[in-house]
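Reading the structure
These are the residues of each chain, in order.
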Amino acid sequence: MILETKKICNRLRDDIVALAGRKSPLLCCVGFSEDGSTLSYFRSIERAANKTKIRVRKEILKDISVHDTVSFMETLNRDGDINGIVISRPIPLPLQKAGIKNIIDPAKDVDCITDENLGGLITGNVLYTPPTPGAVMEIIKEFNIETTGRNVVVLGRSDVVGKPLALLLLRKGVDATVTVCHSKTRYLISLTRTADILITAVGRPQFLKCNMVKPGTIVIDVGINVKDGRVVGDVDFEDVKRVAGMITPTPGGVGPVTTHILLLNVAKAAKRKAD
Ligand SMILES: NC(=O)c1ccc[n+]([C@@H]2O[C@H](COP(=O)([O-])OP(=O)(O)OC[C@H]3O[C@@H](n4cnc5c(N)ncnc54)[C@H](OP(=O)(O)O)[C@@H]3O)[C@@H](O)[C@H]2O)c1
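Reading the values: rules and limits
- Residues numbered from 1 in each chain as written.
- Predicted model: local features only at pLDDT ≥ 70, side-chain atom pairs only at ≥ 80, totals over all residues.
- Heavy atoms only, no water.
- Near = heavy atom within 4 Å.
- Polar contact = N/O pair within 3.5 Å; in protein donor to acceptor, adjacent residues only side chain to side chain.
- Areas by Shrake-Rupley, 256 points an atom, 1.4 Å probe, with all protein chains shown as cover.
- Helix = DSSP H or I, 4+ residues; strand = E, 2+ residues; numbered from the N terminus.
- Disulfide = S-S within 2.5 Å.
- UniProt positions renumbered as here; feature names shortened; annotations may be inferred.
- Contact = heavy atoms within 4.5 Å.
- Phe/Tyr/Trp six-rings, centres within 6.5 Å; stacked < 30°, edge-to-face > 60°.

So, on to the site of the ligand. Surveying the vicinity of the ligand reveals 20 residues, the closest of which are Arg157, Ser158, Ser183, Arg204 and Thr258. His182 places a polar main-chain atom, nitrogen or oxygen, 3.4 Å from a nitrogen atom of the ligand. Within the side chain of Ser183, an N or O atom sits 2.6 Å from an oxygen atom of the ligand. With the chains in place, 72% of the 930 Å² that the ligand exposes on its own is no longer accessible. Tallying contributions element by element places helix H10 (residues 254-274) first for the shell around the ligand, with three residues.

This is the structure we're talking about:
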């Protein structure tokens with residue numbers, strides 16, 4: 001079964017519009033270069049936002065100093081019209097070293113990247129669900145996928161996907177048994193083959209093959225990669241589809257849900273401010 005996510009996006013869109021009410025919340029997207037992936041990321045946010053009440057402002061900061069970038073981010077924090085701020089990744093090294101992500105006001109950190117908001121995931125005290133891990137959880141919920149006591153293997157331990165996702169899967173009520181793998185993991189195939197649910201976030205085109213998957217496993221592909229000029233996931237879809245019980249497609253699976261959760265967070269930020 002192919003897990004189509006259009007219905008989830010439609011439902012989230014209705015939630016965003018309802019939450020925004022008469023307000024038109026504003027999301028500011030900050031990029032650090034005009035590379036294709038930044039521009040296409042911001043375009044996909046804009047396209048989804050156009051069908052909601054969310055407004056999008058784009059800022060590309062290039063050829064400016066770290067000091068000026070920090071000052072600019074601080075002006076966004078103070079700007080009362082802006083409800084949410086998202087920055088493009090990867091963050092250039094000098095800005096990473098300056099701790100740019102933690103300059104974002106946690107109340108406007110709708111992408112859940114600040115240490116403060118990420119830290120809240122440990123205790124379950126979160127302002128905003130991290131969009132990509134949240135998208136995986138929405139897919140699990142939408143298709144009534146049982147998680148209690150099941151073996152969930154997550155490939156990837158990034159701060160954006162793998163680690164926060166593991167924390168969401170471990171929550172009481174979700175109750176998965178979670179294994180997180182990374183590039184130093186030994187005997188990877190023996191671990192992936194234990195998975196009842198296998199989630200890939202490694203950033204390697206078509207990395208997961210059918211010999212790594214136990215028959216009937218639910219495969220959720222977070223990866224978005226470009227190979228030979230087309231977008232592919234971390235999963236070799238045609239190969240793995242033959243053995244998986246359920247599988248998400250790429251493009252069109254996790255990605256659009258992620259964008260809608262980001263926009264839902266912007267609507268939540270606007271509501272919190274108004275309340
Ligand atoms: N669908 C969406 O909405 C969405 C959102 C965000 C990202 N993405 C996509 O998801 C993918 C991952 O993104 P990310 O930001 O998490 O990437 P990342 O920061 O580069 O992390 C990749 C992770 O994969 C691990 N890894 C790399 N090669 C491996 C291997 N051979 N075996 C096992 N683990 C391996 C790395 O291990 P080490 O830690 O040891 O290096 C790392 O933990 C990318 O394709 C990205 O474009 C999609």
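Picking up where we left off.
It is worth spelling out the state of the cysteines at this point. Scanning the model with the defined rule gives zero disulfides in all. Counting only cysteine sulfurs, Cys28 is the nearest neighbor of Cys29, a cysteine outside any disulfide, at a range of 6.8 Å. With no disulfide of its own, Cys210 lies closest to Cys181 among cysteine sulfurs, the gap being 18 Å.

Using the residue numbers shown here, the UniProt feature "binding site: NADP(+)" (unreviewed entry) corresponds to Gly156, Arg157, Ser158 and Ile224. Within the secondary structure layout, Gly156 lies in the loop between strand E4 (151-155) and helix H7 (162-170). Among residues more than four places away in sequence, those in contact with Gly156 are Gly162, Val180, Cys181, Ala201 and Val202. Looking at the element boundaries, Arg157 is found in the loop between E4 and H7. In this structure, Arg157 is in contact with Gly162, Lys163, Val180, Cys181, His182 and Lys184, ignoring residues within four places of it in sequence.

Turning our eyes to something else, we now look at the packing of aromatic side chains. Per the counting criterion, the structure on display carries one aromatic pair. Between Tyr41 and Phe42, the ring centres sit 5.8 Å apart and the planes meet at 40°, which makes this aromatic pair tilted.

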